[in-house]
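In case you want the letters, here they are:
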Amino acid sequence: HAPGLQPFQCQPAYRAMGNSAAVSDEGVPDFVPLPCEDTKRWRAVCNLDQESEVSCLAHLGKLMAEYLGRPPCLNGLHAALEGQQGMGQEPFFKKVLPSVIKRTKALEHLRNALPGGKLPVLRQGCPGRLNIPRELGASLLANMFLCTFEVRSHESMNSISFLSLLSGRAVQEVAKLQMFLHFFERVADAALLGNICIERVALSLPEDAWRQSEQPLLPLACAPPRIGFETAPELAHADFANMFIGGGVLSGGCVQEEIRFAICPELTLSMLVCPCMLANEAIQIFGAEQFSAYSGYAFSLRFNGDHVDKSDRSSDGSVLSAVLAMDALDLRGGDDSLCSQLKSDNIFRELNKALAAFTPVSEESLRNHPTVATGNWGCGAFGGCVPLKALLQWVSASQCGRQIRYFPFDADIGPELEALSELVVARGGTVGQLVATLRDLHHEASQEGEPLSTACRPGPHRPPLLDLRRERLPPSQLLPRVAAQFAKND
């Protein structure tokens, strides 16, 4: 490193450790500042391949310092190249990096595919759609990878800097970086056809509309245990998102959302343009391709080589994939009892959030993806009650005319949930009836004062739905009580 300069280290820009109150996007510009709009900075970026072929990490760091102001720490990149499943330095410097630099510099002309050459921000409270040609998307991703964007300071926007991944040596961080490197390797000699479509959806129904809804509850199917959404590319996939879209994919996160964004790097384009989600908002992303396979989860996450995405393509080459991002209530540090989760404010917040995520943005969207793959939304660290969240998602999907395929993973509710669905559908149960049933059960649960704070949480030392206390309505009894109510109404 240059004398007197300390290399950039992992920046604690990851705001996604929890969902608190949304931060207003007031003060965020209407368009994303692009690196090529800053003449001095862009001149330094264009020098990345002007002097001579970049042949080592030290040389790359020196060139990046010209626009960063100081050399970046590239320890994580070294670990990703040389570690298990790493491509090695020679293929990186001979093939991948030259392609990344070429795509980076192509931003100057590829941005003309956007109206006025500007990349608009999808602002809070303003439903909107952005189509990004995939070639432009790859250029934007290359600029993110080489950290050519100015560091963001507004609290409503997630970080888009790769500095953390490039520096971090934790095995799960290295695995994510290997997935991004694999993306750039795959697209090095490929023309990317089609578009990435990012849709910000703002939608909610008043409580009376939910209670009075006569929409029929649609059949619900369950996948086998410990099966992931990736086994069903034909379905729309729920993203158990952070309010800051993408969560910590670039800076410390390694669970459902972060893994999905790493194996499908084009999803991270949403982080460029989407301020954090409000309570009635969701973000739907179409056209992102899966490039990597993975194994493990959280700290055991590993890059597991190439993946060939078998999703159908549209006539223009766009991948017919759909990722529906919705952030759940974060119950940590508060009352996570079932009684509390059944309160009207909590119930209708989650119903409207899932409704915004599941509602088709067009007839074509519904035709392409009539069924949503989802699972234990907000039921890990956030403390949500598994059977309750399953019911709420079923209600929201039915309200907007979509069916659910539920992936319970390690929660033992699949057979019981399917049996309840068969019973309710056979009896012509409606959205309003199930909402009313949950309201009645809340009244019953609230008669017992003691909270059952840990009863809802699955964990390595606690089976899902374990009834730890003698409660009037323990979580393990929620589905049977709903079934009994609908059976009584027969």
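Check the entry above for the structure.
Rules used in this analysis
- Residues numbered from 1 in each chain as written.
- Predicted model: local features only at pLDDT ≥ 70, side-chain atom pairs only at ≥ 80, totals over all residues.
- Heavy atoms only, no water.
- Pairing = 2+ DSSP bridges.
- Helix = DSSP H or I, 4+ residues; strand = E, 2+ residues; numbered from the N terminus.
- Axes fitted to C-alpha atoms, helices over the stretch in contact; angles between N-to-C directions.
- Contact = heavy atoms within 4.5 Å.
- Buried < 20%, exposed > 50% of the residue type's maximum accessible area, 1.4 Å probe, protein only.
- Phe/Tyr/Trp six-rings, centres within 6.5 Å; stacked < 30°, edge-to-face > 60°.
- Lys NZ or Arg CZ within 6 Å of the ring centre and 35° of its normal.
- Expected span 1.5 Å × (residues − 1).
- Core = buried A, V, L, I, M, F, W, Y, C linked by side-chain atoms within 4.5 Å.
- Right-handed = clockwise from strand over helix to strand, strands pointing away.

Focus: the sheet that holds strand S4 (residues 236-241)
Right, so step 1: Here eight strands make up an open sheet; going across it, the order is S1-S2-S5-S8-S4-S9-S10-S3 and the pairing mixed. Single-partner strands in this sheet number two, and they are strand S1 (128-133) and strand S3 (220-222). Taking the axes of each pair of neighbouring strands and ignoring which way they run, one obtains an average angle of 25 degrees across the sheet.
Right, so step 2: Note that strand S5 (residues 281-286) and strand S8 (residues 322-327) share four bridges and pair antiparallel. Residue pairing in the sheet places phenylalanine 286 in a bridge with alanine 322 of S8.
Right, so step 3: Contacts from helix H6 (residues 134-145) reach S1 and strand S2 (195-202), with the element oriented near 85 degrees to S1.
Right, so step 4: The sheet contacts of helix H15 (residues 386-399) involve S3, S8, strand S9 (371-375) and strand S10 (403-407), and relative to S10 the element is tilted by about 160 degrees.

Considering the environment of glycine 246
Right, so step 1: Considering the arrangement of structural elements, one finds glycine 246 in the loop between S4 and helix H10 (256-263).
Right, so step 2: Note on glycine 246: relative accessible area 0%, which makes it buried.
Right, so step 3: Distance from glycine 246 to proline 72, taken between C-alpha atoms, is 23 Å for residues 174 residues apart in sequence.

Structural notes on unusual backbone geometry
Right, so step 1: For alanine 298, which is not a glycine, the phi torsion comes out positive at approximately 55 degrees.
Right, so step 2: Mapping alanine 298 onto the fold places it in the loop between strand S6 (292-295) and strand S7 (302-306).
Right, so step 3: At phenylalanine 409, a position not held by glycine, the phi torsion is positive, near 55 degrees.
Right, so step 4: On the secondary structure map, phenylalanine 409 appears in the loop between S10 and helix H16 (414-426).
Right, so step 5: Residue classification places phenylalanine 409 among the partly exposed residues on the basis of a relative accessible area of 38%.

Here's the deal with the packing of aromatic side chains
Right, so step 1: Enumeration according to the criterion identifies eight aromatic pairs in this entry.
Right, so step 2: Taken together, a centroid distance of 5.0 Å and an interplanar angle of 80 degrees make the contact between phenylalanine 162 and phenylalanine 180 edge-to-face. With phenylalanine 162 in the loop between H6 and helix H7 (163-167) and phenylalanine 180 in helix H8 (residues 171-186), this pair connects stretches of sequence that are 18 residues apart.
Right, so step 3: Measuring from centroid to centroid gives 5.0 Å for phenylalanine 183 and phenylalanine 291, while their planes differ by 85 degrees, and the two rings are edge-to-face. Of this pair, phenylalanine 183 sits in helix H8 while phenylalanine 291 sits in the loop between S5 and S6, and the two are 108 residues apart along the sequence. Comparing phenylalanine 183 with phenylalanine 291 shows no difference in burial state: the two are buried.
Right, so step 4: Joined through ring pairs, the aromatic side chains of Phe145, Phe162, Phe180, Phe183, Phe184 and Phe291 make up one cluster.
Right, so step 5: Cation over ring: arginine 226 sits above phenylalanine 409, and NZ or CZ is 5.4 Å from the ring centre.

Description of H16
Every α-helix carries 3.6 residues per turn, so stepping three or four residues along brings you back to the same face.
Right, so step 1: Compared with an ideal rise of 1.5 Å per residue, which puts 13 residues at 18 Å, H16 spans 18 Å between its outermost C-alpha atoms and is within 8% of the ideal.
Right, so step 2: Of the residues making up H16, those classed as buried are Gly414, Leu417, Leu420, Ser421, Leu423 and Val424.
Right, so step 3: The secondary structure elements touched by the buried residues of H16 are S3, H15, S10 and helix H18 (478-488).

Focus on the nonpolar core
Right, so step 1: Counting 91 residues, the largest nonpolar core has Leu77, Phe92, Leu119, Leu140, Phe145, Ile198 and Leu272 as the members making the most contacts within it.
Right, so step 2: No other element matches H8, which puts eight residues into this core.
Right, so step 3: For leucine 140, the residues in contact, after removing those within four places along its chain, are Leu34, Leu107, Leu119, Ile132, Phe149, Leu269 and Leu272.
Right, so step 4: Grouped together as the second largest cluster of nonpolar side chains are 66 residues, Cys379, Phe382, Leu434 and Leu441 included.

Topic: the pairing of S9
If a strand is regular, its side chains alternate between the two faces of the sheet.
Right, so step 1: Counting buried positions along S9 yields five of five residues, so the element is predominantly enclosed.
Right, so step 2: Residues of S9 alternate between two faces, with Thr371, Ala373 and Gly375 on one and Val372 and Thr374 on the opposite face, all of them buried.
Right, so step 3: In the sheet, S9 pairs with S10 via five bridges, with the strands oriented parallel. The partner of threonine 374 across the bridge, within S10, is tyrosine 406.
Right, so step 4: A crossover links S9 with its parallel partner S10, the connecting element being H15, and its sense is right-handed.

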